[in-house]
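Working through the structure, step by step
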Amino acid sequence: MTAIGLALRLARWGILGFSVLAFVSTLIQALGFYQVAGHNAADRLAFARSIDILASQFTVLLAPPVRPDTVGGYVQYRAYGGLAILFAVWAMASAAGAFRGDEERGLVEAALATGTGRARLVASRVVAFALGSFLAAMAAGAALMVGVWSGGETIAFRGVLEEAAVLAALAVCCYALTLLVVQFTSARAAAAVAGIVLLALFLDNSLSRTFSWLSTARWASPFRYYELSQPLVPGGTFDGRATLILVGGALVASVVGAVAFGLRDVGSPLVRPLLRDRPPSYESSRVTWWRIPVLRGLYEHRLGIAAWTAGVAALAAVMVSMTKSIVQPLLDIPALARFFGSFVHGAVFASFLGFFWFTTAQLLLTAFAIVQVARWSADDSEGRLGEALSQPVSRAGVVIERTAALTVGVAIIAVVSAAAVGYASRAQGIDLDTTRLVEASMLLVPFTLVFAGVGALLAAWNPRAAVGLLGGIAFGSYLATQVGPFFRWPDWALDLSPFKLFGNPMSDGVDGRNLALMLLLALVCFGASILAIQRRDVGA
Amino acid sequence: MLREMAAAAIRTSRLSKDYGLGRGLFDLDLTVRAQEVFGYLGPNGAGKSTTIRVLMGMARPTSGSAFIFGLDCMRDSVAVKRKVGYLPGDVPQFGSLRGSEVVAYFGGMRGGADPVMVRRIAERFDLDLSRRFREYSTGNKQKLGILLAFMHRPDLLILDEPTGRLDPLNQQEFYSLLNEARAEGATVFLSSHILSEVEHVCDRVGIIRSGRLVRVAQLDELRHIRVHRVEVEFAPDATIPEARIRAAAGVEDLTLSDRRLTCTVRGSMEPLLAAIRDVDVTDLVSTEPSLEEVFLSYYGEAKPKALPS
């Protein structure tokens, strides 16, 4: 019990944060349903049709909705679809942090030194995460019940409980898979490798909805078993067998992970290549990049930038290649073809691709900005900022150099992804406006700088809280574009969201006012971060 | 005053950093002369690292001022750091960067490190710079920190507990490196809680406790205020003047067992010798105190004792 209590204590901020996030996002969707779905059967059926059409664009991410004319079906799709992804990311970050990050910080050694066995340590962390994820899932359930109550309707508590159980089961399964994977990686690569594995399992399931040849492999994806339950939908189902498979998978992965943990040295992967014998070197690196401001930052993180660039470009190419196979079946339906014709002027494929790809690119580059801010915070807590400031550079100089390196890094990602979209669309026979593609891609740079600027300000103010707060702000600003118009939020409030300011440049072109606002926001935030970092004690 | 300022490598005036709850640094008035090696002694949590972090501009003082070579540590922090080599108490984590890359990176920030110096230090510590930082042992990480502090031949070295993670052989190597830097004209400000280290290399010592500087002295001066441990053996037929000995100035912790008397003597031995002058003494042993014992006798008390100036 002590070990579980300690594990819960270590994870308390994550549990609290994700509980709040789950509660708020679910409440907004539940309240939003009553704002937009109409109050009679005909209105709700019309609303459901529009949701079905919207959902068809996102089948690569989310399973199609079931009964979106009901609050249960709508929230199941709009809130829990996203929560499944969010909880998987949480599980991955928590497990990688608990089993490799804590090793780096010496916490695992300290725990083992108290006489706690390795298997017991693994079990306590898994159980603590299971409790935490169930609590966060129940927070989402509570929000749903509050939302439904505000609409004067009721929803079965059993369904809410079942949904919480299956969401927590998915999270624990992802946690256990991560804990297994990270036994075989270096501490540095743990989160990245686990992320790739979970992404592959996610895509295995979601792409199987588009590519039938993948359907034979989707049994391996935990997300498949999550989707088999739809307990919130009226007359919906709770697939007990699928949920048991998730729990069983978590158990097996935890046991195998614990065995692997028992076999390896603390701080090392299970399989570690021996150091090669070579003559020692006593020379400083002769690479010129290290001596040039900005370039040295890019060179230091060259592998990360290359991985991001390759990953974003590859995803862009995959999305382009899927465009026709997603859109064509919809165009074959006469009613939907008329519907598309009403808001898509000109090339349907190009408009769809513009919306579909750049929405994804915004989310990816938001994640990129959060990763950079996490690094800036770590620079502070791990002493690298102090070392940099013990050289003859000013604090403002450090912020400016970081910003410049980030700008160049984002520009590289944007340019290469634009090239990938352009090349793949030509190969697919989709006629894209090259000028607009370049403009829209370059608009990703100021978009990312807004989030990075907010993150720089947060990191200058309180580095330990920066990543969590920035994640919350990013989530909130995305949510604002989704639900703000329904709740008739004022324009100035929506204009604070970079997602709103980005707009849809492939269809509408780049809006000069919005671009200026993004640049202004970024400038103000970075400027404020320079002022804030002057006043703060380094490492405090 | 102006002359003193010009000669001072470090000068602080009523420098305070208040963290609340009585923690931090309070009213520090300190002058470190150019080209001297100054030891800054204190137990854990005394305020040594806080002083150093304020001098390096990492932490903002609550009040007071600090100057390095006449430059304000906060306002002129960039100019200050051109003259300073700094070893923090905790070596930063450089992850998967190689030692050679770390040196090039921070050397680049300085506009270049002296390659001869880099090679000389790396060789004498046998620090393989082709290895990744993550692969380094704790001692090797510390050696890299030392290399970063010394590589540009700074005028002032500010070193926060530099030898704590080094083995005795490498400690000796470090002391000789320090002596060479000093011979080349560098000033050294070195914090430590290891008194033998200070005895090895320092000209003067400042003792800090609970955030307050309680004493600055030459090493010799510090020995003059030392505590003597004295054992006296009296002849079998001698009458031991116990009351007179107890009343002698500076005599403490007196115990008498059979014919053998032990006590500690603070300051001069004269009062004790006067007290036993007329008695037949067969043996008298006075143990030279180490700096460590002086230090412990200071910090063994609830409050710092006032010392003769």
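The structure displayed is predicted, hence computed values, not measured ones. (Residues numbered from 1 in each chain as written. Chains lettered and ligands numbered in written order. Predicted model: local features only at pLDDT ≥ 70, side-chain atom pairs only at ≥ 80, totals over all residues.)

If you tally the helices and strands in chain A, you get 22 helices and 0 strands. Taking 2.2 N^0.38 as the reference for a compact globule, 540 residues should give roughly 24 Å; the C-alpha atoms of chain A span a radius of gyration of 24 Å, in line with that estimate. Along the first, second and third principal axes, the C-alpha set of chain A runs to 75 × 55 × 45 Å. Scored against the burial criterion, the 540 residues of chain A give a buried share of 44%. (Helix = DSSP H or I, 4+ residues; strand = E, 2+ residues; numbered from the N terminus. Rg over C-alpha atoms; globule rule 2.2 N^0.38 Å. Buried ≥ 20, exposed ≤ 12 C-beta atoms within 10 Å, placed from the backbone.)

Bringing the overall build of chain B into the picture now. Of regular secondary structure, chain B possesses 12 helices and 14 strands. Taking all 309 residues of chain B together, the buried fraction comes to 40%. Considering only contacts within chain B whose residues lie at least 6 apart along the sequence, 70% involve residues at least 24 apart. (Contact = placed C-beta atoms within 7 Å.)

Bringing the environment of Leu148 of chain B into the picture now. All names here are of chain B. For Leu148, the position within the fold is in helix α6 (residues 138-150). For Leu148, a count of 28 C-beta atoms within 10 Å puts it in the buried group. Considering only alpha carbons, one finds Leu148 and Gly206, 58 residues apart in sequence, at a separation of 26 Å. With residues near it in sequence (within four places) discarded, Leu148 still touches Val103 and Phe106.

Glancing now at the interface of chain B and chain A. Counting residues at the interface gives 36 residues for chain B, matched by 28 residues for chain A. Breaking the side of chain B that touches chain A down by element, the ones donating at least two residues are α3 (77-83), α4 (99-109) and α5 (115-124) of chain B. At 9 residues, α4 of chain B tops the list of elements feeding residues into the side of chain B that touches chain A. Its residues assigned to classes, the side of chain B that touches chain A comprises 18 nonpolar, 9 polar and 9 charged. (Nonpolar A, V, L, I, M, F, W, Y, C, P; charged D, E, K, R; others polar.)

This part is about the sheet that holds strand β6 (residues 84-87) of chain B. Residue and element names in this part refer to chain B. Strand order across the open sheet formed by 6 strands is β6-β7-β8-β3-β9-β10, with mixed pairing between neighbours. Looking at the sheet topology across the chains shown, the edges are occupied by β6 and β10 (212-218). For this sheet the average axis-to-axis angle between neighbouring strands, irrespective of direction, equals 15 degrees. One ladder, built from 4 bridges, connects β6 with strand β7 (residues 156-160); its direction is parallel. Pairing of Leu87 across the sheet is with Leu159, part of β7. (Pairing = 2+ DSSP bridges. Axes fitted to C-alpha atoms, helices over the stretch in contact; angles between N-to-C directions.)

This paragraph deals with the pairing of β10 of chain B. Side-chain positions along a regular strand alternate between the two faces of the sheet. Residues and elements named next belong to chain B. Both strand β9 (residues 204-209) and β10 contribute to a ladder of 6 bridges, which runs antiparallel. Counted as the bridge partner of Arg209 is Arg212 from β10. Counted between consecutive antiparallel strands, the loop separating β9 from β10 contains 2 residues, among which Ser210 sits at a positive phi close to 50 degrees.

Residues and elements named next belong to chain A. If you trace the backbone, Ala140 turns up in helix α6 (residues 118-150). A tally of 28 C-beta atoms within 10 Å means that Ala140 is categorised as buried. Residues Ala140 and Ala164, spaced 24 residues apart in sequence, show a C-alpha to C-alpha distance of 7.8 Å. Residues in contact with Ala140, not counting those within four places in the same chain, are Ala22, Phe23, Thr26, Ala79 and Leu83.

The subject of this paragraph is the domain arrangement of chain A. Residue and element names in this part refer to chain A. The assigned domain composition of chain A is domain 1 (1-269) and domain 2 (301-540). Contacts between the two partners involve 14 residues from domain 1, matched on the other side by 14 residues from domain 2. Elements that contribute at least two residues to the side of domain 1 that touches domain 2 include exactly α2 (12-36) and α3 (41-56). Residue contributions to the side of domain 1 that touches domain 2 peak at 8 residues, all from α2. Among the residues forming the side of domain 1 that touches domain 2, the class breakdown is 6 nonpolar, 8 polar and no charged. (Domains from an automatic or database assignment.)

Time to look at helix α14 (residues 348-381) of chain A. An α-helical turn contains 3.6 residues, so any two residues separated by three or four positions project in the same direction. A rise of 1.5 Å per residue sets the reference length of α14 of chain A, with its 34 residues, at 50 Å; its end C-alpha atoms lie 50 Å apart and thus fit the reference within 8%. Gly383 of chain A sits one or two positions beyond α14 of chain A and adopts a positive phi of about 90 degrees. (Expected span 1.5 Å × (residues − 1).)

This brings us to the packing of helix α7 (residues 157-181) of chain A against helix α8 (residues 190-206) of chain A. Residues and elements named next belong to chain A. Two numbers describe how α7 lies on α8: the axes approach to 9 Å, and their chain directions differ by 130 degrees. Looking at the two axes, α7 sits oblique to α8. Crossing hand, α7 versus α8: right-handed. On α8, the residues that touch Cys174, Leu177, Thr178 and Val181 of α7 are Val193, Ala194, Val197 and Leu198. (Parallel < 35°, antiparallel > 145°, perpendicular 65-115°, else oblique. Left-handed = near helix turned anticlockwise from the far one by under 90°.)

All names here are of chain A. Two elements in contact, helix α17 (residues 434-461) and helix α22 (residues 512-535), have axes whose closest approach is 8 Å; the angle formed by their N-to-C orientations is 25 degrees. With respect to each other, α17 and α22 are oriented roughly parallel. Classified by chirality, the crossing of α22 by α17 is left-handed. When α17 is examined against α22, the residues Leu443, Pro446, Phe447, Leu449, Val450, Gly453, Val454, Ala456, Leu457, Ala460 and Trp461 are found in contact with a partner set consisting of Leu515, Met518, Leu519, Leu521, Ala522, Cys525, Phe526, Ala528, Ser529, Ala532 and Ile533. Broken down by class, the residue content of the contact of α17 with α22 amounts to 20 nonpolar, 2 polar and no charged.

Attention shifts here to the sheet that holds strand β13 (residues 260-266) of chain B. Residues and elements named next belong to chain B. Ordered by their spatial adjacency, 4 strands build an open sheet running β12-β13-β11-β14, and the pairing between neighbours is antiparallel. Each having just a single partner strand, β12 (251-257) and β14 (281-287) make up the two edges of the open sheet. With strand direction ignored, the average angle separating the axes of adjacent strands in the sheet is 15 degrees. Note: strand β11 (residues 227-234) against β13, 7 bridges, orientation antiparallel. For Val232, the partnering residue across the bridge sits in β13 and is Leu261.

Attention now goes to the pairing of strand β8 (residues 187-192) of chain B. Residues and elements named next belong to chain B. In terms of burial, β8 is largely enclosed, as 6 of its 6 residues are buried. A two-sided burial pattern is seen for β8, the buried positions comprising Thr187, Phe189 and Ser191 on one face and Val188, Leu190 and Ser192 on the other. Examined bridge by bridge, strand β3 (residues 37-41) and β8 share 5 bridges and lie parallel to one another. Its bridge partner being in β8, Phe38 is matched across the sheet by Phe189. With 5 bridges joining them, β7 and β8 adopt parallel strand pairing. In the strand pairing of β8, Leu156 is matched with Thr187.

A separate point is the environment of Gly47 of chain B. The residue Gly47 of chain B is located in the loop between β3 and α2 (48-55) in this model. Each residue touching Gly47 of chain B, except ones within four places of it in the same chain, is listed here: Gly24, Leu25, Gly42, Ile208 and Gly211 of chain B.

Residues and elements named next belong to chain A. Compared with an ideal rise of 1.5 Å per residue, which puts 17 residues at 24 Å, α8 spans 24 Å between its outermost C-alpha atoms and is within 8% of the ideal. Burial in α8 covers these residues: Ala190, Ala191, Ala194, Leu198, Leu201, Asn205 and Ser206. The buried residues of α8 all sit within an arc of 130 degrees when viewed along its axis, so they share a single face. Close packing links the buried residues of α8 with α4 (71-104), α7 and α9 (222-227). (Arc of directions from axis to C-beta.)

A word on the confidence of the model for chain B. Residue and element names in this part refer to chain B. Summarising the model, chain B shows a mean pLDDT of 87, and 88% of its residues fall at 70 or more. Looking at the elements of chain B, mean pLDDT is at its lowest for helix α1 (residues 2-7), recorded as 50, and at its highest for β7, recorded as 97. Here residues 1-5 is modelled with pLDDT under 50, and outside its nearest four sequence neighbours on either side it reaches 3 contacts, counting other chains as well. In the predicted structure, residues 302-309 sits below a pLDDT of 50 and forms 7 contacts with residues beyond four places in sequence or in another chain. (pLDDT = per-residue confidence, 0-100.)

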